[in-house]
Amino acid sequence: MLTQQIINGLTLGSLYALLAVGFSLICGILNMITFSHGEIFMIGAFSGLYTIIALGGNLPLGLAAAVVVSAAAGILTERIAFRPFRNESPLSPALITIGLSISLQAGILLLFGADTKPFPYNVSAHKFILGNTVISGIEVFVIGISILLMIMLHLFIHYTRWGLALRATSQRIEAADIMGISTNRIIAIAFCTASLLAGIDGLLAGAYYSAFYPRMGVAISLKALAGATFGGIGSIQGAMAGALSLGVIESLAAGYISASYRDVIAFTILIFVLLIKPSGLLGQMREEKV
Amino acid sequence: MNTFVKKIAGLLSVGVLSIGLLAGCGSGSDKASKDDNIIYLGAAGPFTGDNAEYGTEWKKGFDIALEEINAKGVAGGKKLQIIYEDTQSDPKQSATVAQKFVKNDKIYAVFCDFTTNSTWSAAPIYQKAGLVQLAPNPSHPQLTKPGNYIFQLCPTQADQAKALSTLAVDELKAKKIAVIYLNTDFGKAVKDNVVTAAKAKGVEIAGEESYLPTDKDFKAQLTKIKTGNPEVIVLGSYYTDGALIVKQARDLGINAQFIASSSVHSPALFQLGGSAVNGLITMSVFNVSNPGETLKNFSAKYSSKYKANEPDTFATQAYDAIRLIANAINKTYEKNKKVTRQGIRDELASTKDFPAASQDSITYSANRQLENAKLYPIIAKDGKFLPYKK
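Residues numbered from 1 in each chain as written. Chains lettered and ligands numbered in written order. Predicted model: local features only at pLDDT ≥ 70, side-chain atom pairs only at ≥ 80, totals over all residues. Heavy atoms only, no water.

1. Quick notes on the overall build of chain A
- Each helix and strand counted, chain A has eleven helices and two strands in total.
- Across chain A, helices and strands are ordered from the amino to the carboxyl terminus as α-α-α-α-β-β-α-α-α-α-α-α-α.
- Against the compact-globule benchmark of 19 Å for 290 residues, chain A has a radius of gyration of 19 Å, which places it among compact chains.
- Each of the three principal axes of chain A carries a C-alpha extent, and together these read 60 × 50 × 35 Å.
- Burial status across chain A gives 55% buried among its 290 residues.
- Within chain A, counting contacts between residues at least 6 apart in sequence, those at least 24 apart form 75% of the total.
- Taken as two groups, the 15 positive and 12 negative side-chain charges of chain A have centres that lie 3 Å from each other. (Helix = DSSP H or I, 4+ residues; strand = E, 2+ residues; numbered from the N terminus. Rg over C-alpha atoms; globule rule 2.2 N^0.38 Å. Buried < 20%, exposed > 50% of the residue type's maximum accessible area, 1.4 Å probe, protein only. Contact = heavy atoms within 4.5 Å. Lys, Arg positive; Asp, Glu negative; His and termini not counted. Charge placed at Lys NZ, Arg CZ, Asp CG, Glu CD.)

2. A few points about the overall build of chain B
- Assigned secondary structure in chain B consists of 13 helices and 14 strands.
- Along the first, second and third principal axes, the C-alpha set of chain B runs to 70 × 70 × 40 Å.
- When burial is assessed residue by residue, chain B has 56% of its 390 residues classed as buried.
- In chain B, of all internal contacts separated by at least 6 residues, the share reaching a separation of at least 24 is 69%.
- The averaged location of the 38 negative side-chain charges in chain B is 2 Å from the averaged location of its 47 positive side-chain charges.

3. Comments concerning a nonpolar patch on the surface
Residues and elements named next belong to chain A.
- On the surface, Leu2, Ile6, Tyr256 and Ile257 cluster together into a nonpolar patch covering about 380 Å² of accessible area.
- Mapping Tyr256 onto the fold places it in helix H10 (residues 236-256).
- The partly exposed category is assigned to Tyr256, whose relative accessible area is 46%. (Patch = residues over 30% accessible without salt bridge, like charges linked within 9 Å, V, L, I, M, F, W, Y side chains within 5 Å. Areas by Shrake-Rupley, 256 points an atom, 1.4 Å probe, with all protein chains shown as cover. Salt bridge = Lys/Arg side-chain N within 4 Å of Asp/Glu carboxyl O.)

4. Focus on the pattern of salt bridges
- In total, this model carries 23 salt bridges over all chains according to the counting rule given.
- Of the charged contacts, one joins Arg262 of chain A and Asp215 of chain B as a salt bridge, the two residues approaching to 3.0 Å between their closest N and O atoms. Here Asp215 of chain B lies in the loop between strand E7 (204-211) and helix H8 (219-228) and Arg262 of chain A lies in helix H11 (residues 262-276), a pairing that spans two chains.
- Its salt-bridge partner being Asp192 of chain B, residue Lys191 of chain B comes within 3.2 Å of it at the nearest N-O pair.
- Accessibility expressed as a relative area gives 14% for Lys191 of chain B, which makes it buried.
- Residue Asp192 of chain B is classed as partly exposed on the basis of its relative accessible area, which comes to 39%.
- What you see here is one network of salt bridges that share partners, running through Lys223, Glu250, Arg262 and Asp263 of chain A together with Asp215 of chain B.

5. What to know about the domain arrangement of chain B
All names here are of chain B.
- Considered domain by domain, chain B is made up of domain 1 (35-155 + 293-373) and domain 2 (158-284).
- Domain 1 and domain 2 are separated by 29 Å when their C-alpha centres are compared.
- Counting from both sides, the interface comprises 16 residues of domain 1 and, opposite them, 17 residues of domain 2.
- Taken together, both faces of the contact between domain 1 and domain 2 bury some 1,400 Å²; the carbon and sulfur share is 52%.
- Where domain 1 packs against domain 2, one counts zero salt bridges.
- For the pair domain 1 and domain 2, the interface holds five residue pairs in polar contact (both at pLDDT 80 or more).
- For the side of domain 1 that touches domain 2, the elements supplying multiple residues, two or more each, are helix H3 (52-72), helix H5 (116-129) and helix H12 (313-336).
- The greatest single-element share of the side of domain 1 that touches domain 2, amounting to three residues, is contributed by H5.
- Here the residues of the side of domain 1 that touches domain 2 are counted per class, giving seven nonpolar, five polar and four charged. (Domains from an automatic or database assignment. Buried area = accessible area lost by both parts, 1.4 Å probe. Polar contact = N/O pair within 3.5 Å; in protein donor to acceptor, adjacent residues only side chain to side chain. Nonpolar A, V, L, I, M, F, W, Y, C, P; charged D, E, K, R; others polar.)

6. Description of the packing of helix H1 (residues 2-30) of chain A against helix H8 (residues 183-209) of chain A
Residues and elements named next belong to chain A.
- Orientation of H1 relative to H8, taken along the N-to-C sense of each, is 165 degrees, at an axis distance of 9 Å. For the element pair H1 / H8, the angle class is roughly antiparallel. The hand of the H1/H8 crossing is left-handed.
- Looking at the contact of H1 with H8 residue by residue, the classes come out as 20 nonpolar, four polar and one charged. (Axes fitted to C-alpha atoms, helices over the stretch in contact; angles between N-to-C directions. Parallel < 35°, antiparallel > 145°, perpendicular 65-115°, else oblique. Left-handed = near helix turned anticlockwise from the far one by under 90°.)

7. Comments concerning the packing of aromatic side chains
All names here are of chain A.
- A complete count under the given rule lists 27 aromatic pairs over all chains for this structure.
- Summarising the aromatic geometry, the rings of Phe46 and Phe112 are spaced 5.5 Å apart at their centres and angled 35 degrees between planes, so their arrangement reads as tilted. Separated by 66 residues along the polypeptide, Phe46 in helix H2 (residues 37-54) and Phe112 in helix H4 (residues 91-112) bring together distant segments of the chain.
- Judged by its relative accessible area of 2%, Phe46 is buried.
- By relative accessible area, Phe112 is classed as partly exposed at 29%. (Phe/Tyr/Trp six-rings, centres within 6.5 Å; stacked < 30°, edge-to-face > 60°.)

8. Section: the state of the cysteines
Residue and element names in this part refer to chain B.
- Overall, the coordinates contain zero disulfides over all chains when judged by the stated rule.
- There is no disulfide at Cys112, and the cysteine sulfur nearest it, in Cys154, is 15 Å away.
- Classification of Cys112 as buried rests on a relative accessible area of 0%.
- We classify Cys154 as buried; its relative accessible area is 5%. (Disulfide = S-S within 2.5 Å.)

9. A word on the sheet that holds strand E5 (residues 150-152) of chain B
All names here are of chain B.
- Taken in spatial order, the five strands line up as E2-E1-E3-E4-E5 in an open sheet, and their pairing is parallel. Across the chains shown, the open sheet's two edge strands, defined by having one partner strand only, are strand E2 (79-86) and E5. The average angle at which neighbouring strand axes cross in this sheet is 25 degrees, direction not considered.
- Lying over the sheet, helix H4 (residues 91-103) contacts strand E1 (38-45), E2 and strand E3 (107-111), oriented at roughly 140 degrees with respect to E2. (Pairing = 2+ DSSP bridges.)

10. Description of the sheet that holds strand E6 (residues 176-182) of chain B
Residues and elements named next belong to chain B.
- Judged by pairing direction, the sheet is mixed, and its seven strands sit side by side in the order E7-E6-E8-E9-E10-E13-E14 without closing on themselves. With partners counted over all chains shown, the strands left at the sheet margins are E7 and strand E14 (384-387), one partner each. The average angle at which neighbouring strand axes cross in this sheet is 30 degrees, direction not considered.
- Running at roughly 145 degrees to strand E10 (residues 281-284), helix H6 (residues 157-171) makes contact with E6, strand E8 (232-236), strand E9 (257-260) and E10 of the sheet.
- Along the sheet, H8 contacts E6, E7 and E8; its crossing angle with E7, the most-contacted strand, is approximately 180 degrees.

What follows is the structure in structure tokens.
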């Protein structure tokens, strides 16, 4: 049972992780939190699903649609909710994104209806059976894609000029500005990256559970935010490690103690880690945020 | 920028206010003449939020019933009309809506609510005001305890548990069963009643696992249940979670027989669960194998109107709910030549052998629950529910 629970937890954690790095990226660069990230995840999922259905099963184009729509939504969010308030209270963006998240949920509910939509293809056809442990092909796919995207994100941040600008901006916006970095563009790029990851994640999660519904981003984005904080918000590796461990802790808690106490146990551990190490598992000095 | 935002906010609020005022004036002018011919009913249910899909089914059932009833008219040619208020089946909102409904003396009866919790939070308010509260779906055995104005339309979990445990033990010959249930009043009622009934028959309980309404990942619970190796797994779930649970169980290589309470009886189960739900046995509140005239009529209208194969439990119960109220309105009007909230309650309470769709006939017991509630075992097979025979 242990290996099976760890596999379950890693899959769950991978789905959290793609959202968690987005929170980390945005918070690392702006020191502000977005509450509509879960809805970007959701509209990415819906645009992917409906493109796939409309094109009769074209998965790559579905993925592309999820990426484009969620990235556009992310850039728009930045323009509406963050840019006008950059030097003011972080409460304004928080409130605006809460409002945005409610309107996006209601909008999708009105457009597509309240019922849960299935993914039109059976994605768990391939199975690997190792003794008592069953790993389905989609689980390998979810974990694989998640790790691949994380590696790409890491390379992007550490080995490209845009990544360099991103790191500079996250250290000090004013200084980066003076050095000739177009910080507005860099912040938009951060939002765009965070959002397209959320959109891909949404399509993955929807296909994995075969369930697309207007509130699909609500619970998972809160867990992802918790995972990002747990691992050290502002740090990409930290967010990833935090999200994966949250997934595994949840699965083990449900498997060995009780599913009713799953969240209680997971969040108690989280609070203890933060009490002992306020910057999170892998959180470092503020200067090295992104 | 800040002042700009403030200006926009100010303009918006002025706009909203004036629209509200205009709308108020518009509807006020011709209200008196129209209202005399309309009997209003309140519907407080989950039209947005986590349970919105079930509220959508309510509306479908309501609409078909209203078309039929309003073609003839009630209480000497009046029309029925529904005032919808969204509660998201949240107990707090359900109570707020109840306050609003009881104050509106044009409303003669209310459908409220989808869950046991939200039905109960509103119950004292309806009871105090003397307004009928007909709960279409909740199945808690104690649902009608808050007072004599609350009516139940679903066979209770005590009825269901008896049928489910008989099915598991006597027909499927299970020695070990496990229960997975939604951690709400509804799910716990399924679990408690099934566990008690099964233990009384000497069956071993190999696992009891709960989950939250927002959960979509049930693999942790299922992996745990797999180690207990049960022959039958009982679901206390709605169809969305039920479908996902069965699917994930099959992915994990669990081959146990699934049986579920009537709340999974919906064609949507097949869309969500695909071939994984084949073989699942559930209880239907309506008689699929030998439908009465009322059910046949409703199914036909539902299929043609909504382009679906068959109606689900929620739409069918909503359809019956309105017809029951219309029947009570007609009876009290015949006797007293007028319609009152109290009159509707009295006639509803004395409903006897009323031909219905969700049951062949409905008779209310002294507790305002179904007397002799019948449940019909059905098995899911290739996208259809068929009557289950051993």
